[in-house]
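Coordinate inspection notes
Next come the chains, spelled out residue by residue.
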Amino acid sequence: MKTKILLDEEQIPKKWYNVQADMPSPLDPPLHPKTQKPVGPQDLAAIFPMELIKQEVTTDRYVDIPEEVRDVLRLWRPSPLYRAHRLEKFLKTPAKIYYKWEGVSPAGSHKANTSIPQAYYNKQAGIERIATETGAGQWGSALAFATMLYDLECTVYMVGSSYHQKPYRKSMMNVWGAECIPSPSTRTNSGRAVLEKDPETPGALGIAISEAVEDAATHANTNYALGSVLNHVCLHQTIIGQECREQLAMVEDYPDVVIGCVGGGSNFAGIAFPFAGDKLTGKHKDVDIIGVEPASCPTLTKGAFMYDYGDVAGLTPLLMMYTLGHDFVPPSIHAGGLRYHGDSPIVSRLVHDGVMRAVSLHQSEAFEAGQTFARTEGIIIAPETSHAVKVAIDEALKCKKTGEEKTILFNCSGHGNFDMSAYDAFHAGRLVDYEYPDELIREAIGRIPSIQ
Ligand SMILES: *Cc1c(COP(=O)(O)O)cnc(C)c1O
C-alpha cells in the first residue's frame, strides 16, 4: 500500500481545464462599477495583460500552459498525493483518505500555481511592476517569488492586522525582492479615506484590494494581480485536480468526496473543477464536492447570491457571486484565515446550482483537526487548510458509523510554519468561536447597490 503517489515531471498537465465549458448555462458577466454595463476587455486592460483577460472570459474547455510556465512549475510539481494511512488508523475508519500536498511550493501553498503564469504574462506584455494585496501573506509571498523569477518589481499591500501578527511573511517577500506595506496605507486615496474614518482599523482584504487596484490604475508601467476569486486564477489552479485524477487512477481509485477550504475559492476550485467537470458531463455522477468556510466569514453558507464589488472602495467590476457585502470587516478575534467577503463567481454559481455544496466551521474545531493531522501525518498545516481536514475527518467518521469504504480526497493547500502564533493562541485557549451575526449580514447586504 503506497503512501506517496507520485507523477513524473513530464506529467505536469499541459493544459488548464476550464469548467465553464461544461456548465449548463453561461456565467453572468462582470459589470462596470460605474455604468453597470458588462465590462469589455478594454475596461480591464488598464490593470491586466490581454492574455489573462482572454483567459478570464474564455469558454474554451482547455487552455494551453506555456512551456516556459511548465518549466518553472517543475521546481515543485507534480505535487505528491498522499494516502493518510496514519490518520485513517487513528480514526479507525474504513474510509480511504487522500490528500494533495500543495505546501511543497517555495512559498508554501497552492498560490504559486497562479502567481507564476500571472507574472509570466505580465512580463510578456512589457509590464515592469505588479501591485497586489495580501491577507495572511501567502499570496504576497507567492507573487514575490514569481516576480523575482521574471525580474519584475512587486508592491504588496498587506492587511494591517496580519502585517503585525505575521512579520515573517513580510520577511519572505523582502528576501524575494518585493516591498510590503501595511494596509490601509497613506500611499493611496482609498487607504487615506479609510484611515481618516478609522485610524485604528485592523484593515481588511477589501481595503487592500482597493489600494492595489488604485496603484496599478494610476501607474502606466504597473499592473494588478489577484491571488484568488477570478476565473483565470481558478483556471490556473486546475492542475491540482487534474494531477489528483491521474494519481488516483494509478491506484485504481476515484473520489466519492472532494473537499477544499474556501477563502476566495481558488484552491477549492483547483481540486474540485476537474471532478465537477466529470460530474457535469455525466462521467461520474455521485461525487460529493464540499467547500469549507469559517462561521465567522460565512460567504457561501449565509451570504446573498448577487452582484457586488470585489473591494471596499467599489473600484473593481461588480461580480455575480455569494457575498457578505463589500464593506465586510472580519472580526479580529478570527485566526483561521479565509476572510474574504465574496467568492469566485464560478464556485458561487456551481454551489448555487447544486453541483457542489458548502459548510461552515468554528475556528476551534478547525484548529483541533489541524492538530490531529499534525499528530498523525506529521505536517503542520495552515489554519485555512485545517478547515478542509476537519470535514475530511467528519466524513471519515460517518463512514465508521455506516461501514462505508468511501474514498475521501482533500486539498492540503499549504503549510502552517508561519502560523505558530495562531497555534499558540489555540493551545492557550484564547481562540473564541464567533458566528457572524445574521443581523450584520442583512445590514451589509442592504448596502450593496441594486443593479438596474
Ligand atoms: C490563500 C490560502 C487559502 C484560501 O484561498 P483560496 O483562494 O480560497 O484557496 C487557503 N489555504 C492556503 C494555504 C492559502 O494560502
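Check the entry above for the structure.
Residues numbered from 1 in each chain as written. Predicted model: local features only at pLDDT ≥ 70, side-chain atom pairs only at ≥ 80, totals over all residues. Heavy atoms only, no water.

Things to note about the sheet that holds strand β6 (residues 129-134)
On the basis of which strands lie adjacent, the open sheet formed by 4 strands has the order β8-β7-β6-β9 and parallel pairing. Unpaired on one side and paired on the other, β8 (179-183) and β9 (222-224) mark the two borders of the sheet. Within the sheet, the average angular offset between the axes of one strand and its neighbour, ignoring direction, is 25 degrees. Note that β6 and strand β7 (residues 153-159) share 6 bridges and pair parallel. The residue bridging E133 from the neighbouring strand is Y157, located in β7. On top of the sheet, helix α8 (residues 167-175) reaches β6, β7 and β8; it is set at about 150 degrees to β8, its chief contact. Strand contacts of helix α10 (residues 205-217): β6, β7, β8 and β9, with the helix running at about 170 degrees to β6, the strand carrying the most contacts. (Pairing = 2+ DSSP bridges. Helix = DSSP H or I, 4+ residues; strand = E, 2+ residues; numbered from the N terminus. Axes fitted to C-alpha atoms, helices over the stretch in contact; angles between N-to-C directions. Contact = heavy atoms within 4.5 Å.)

Description of the site of the ligand
As a matter of local geometry, the ligand sits amid 18 residues, with K111, S228, G263, S266 and N267 nearest to it. Contact between the ligand and G264: an oxygen atom at 3.1 Å from a main-chain N or O atom of the residue. Summarising the interface, the protein chains cover 94% of the accessible area of the ligand, which totals 380 Å² for the free molecule. For the shell around the ligand, the secondary structure elements donating two or more residues are α13 (266-280) and α17 (383-402). Here the shell around the ligand is composed, by residue class, of 4 nonpolar, 12 polar and 2 charged. (Near = heavy atom within 4 Å. Polar contact = N/O pair within 3.5 Å; in protein donor to acceptor, adjacent residues only side chain to side chain. Areas by Shrake-Rupley, 256 points an atom, 1.4 Å probe, with all protein chains shown as cover. Nonpolar A, V, L, I, M, F, W, Y, C, P; charged D, E, K, R; others polar.)

Thoughts on the packing of helix α9 (residues 189-197) against α10
The interhelical angle for the contact between α9 and α10, taken along N-to-C directions, is 145 degrees, at an axis separation of 7 Å. For the pair α9 and α10, contact is made by N189, S190, G191 and V194 and by I207, S210, E211 and E214, respectively. In the contact of α9 with α10, the residues fall into 2 nonpolar, 4 polar and 2 charged.

Some details on helix α16 (residues 363-376)
Here α16 spans 20 Å end to end across 14 residues, near enough to the 20 Å set by a 1.5 Å rise per residue. Among all positions of α16, only Q363, A366, F367, A369, G370, Q371, T372, F373 and T376 are buried. On its buried face, α16 is in contact with α4 (85-91), β5 (96-101), β14 (357-361), α17, β15 (407-412) and α18 (420-427). Backbone geometry just downstream of α16 places G378 in the positive-phi region, at approximately 95 degrees. (Expected span 1.5 Å × (residues − 1). Buried < 20%, exposed > 50% of the residue type's maximum accessible area, 1.4 Å probe, protein only.)

Focus: the pattern of salt bridges
Counting across every chain of the model gives 26 salt bridges. K54 is paired through a salt bridge with E51; the nearest N and O atoms lie 3.2 Å apart. Of this pair, K54 and E51 are both found in helix α2 (residues 50-57), 3 residues apart, which corresponds to roughly one turn of the helix. In this structure, the salt-bridge partner of D253 is K96, at a minimum N-O distance of 3.0 Å. Pair noted here: D253 is in the loop between α12 (239-250) and β10 (257-261) and K96 is in strand β5, with a separation of 157 residues, a long-range link. (Salt bridge = Lys/Arg side-chain N within 4 Å of Asp/Glu carboxyl O.)

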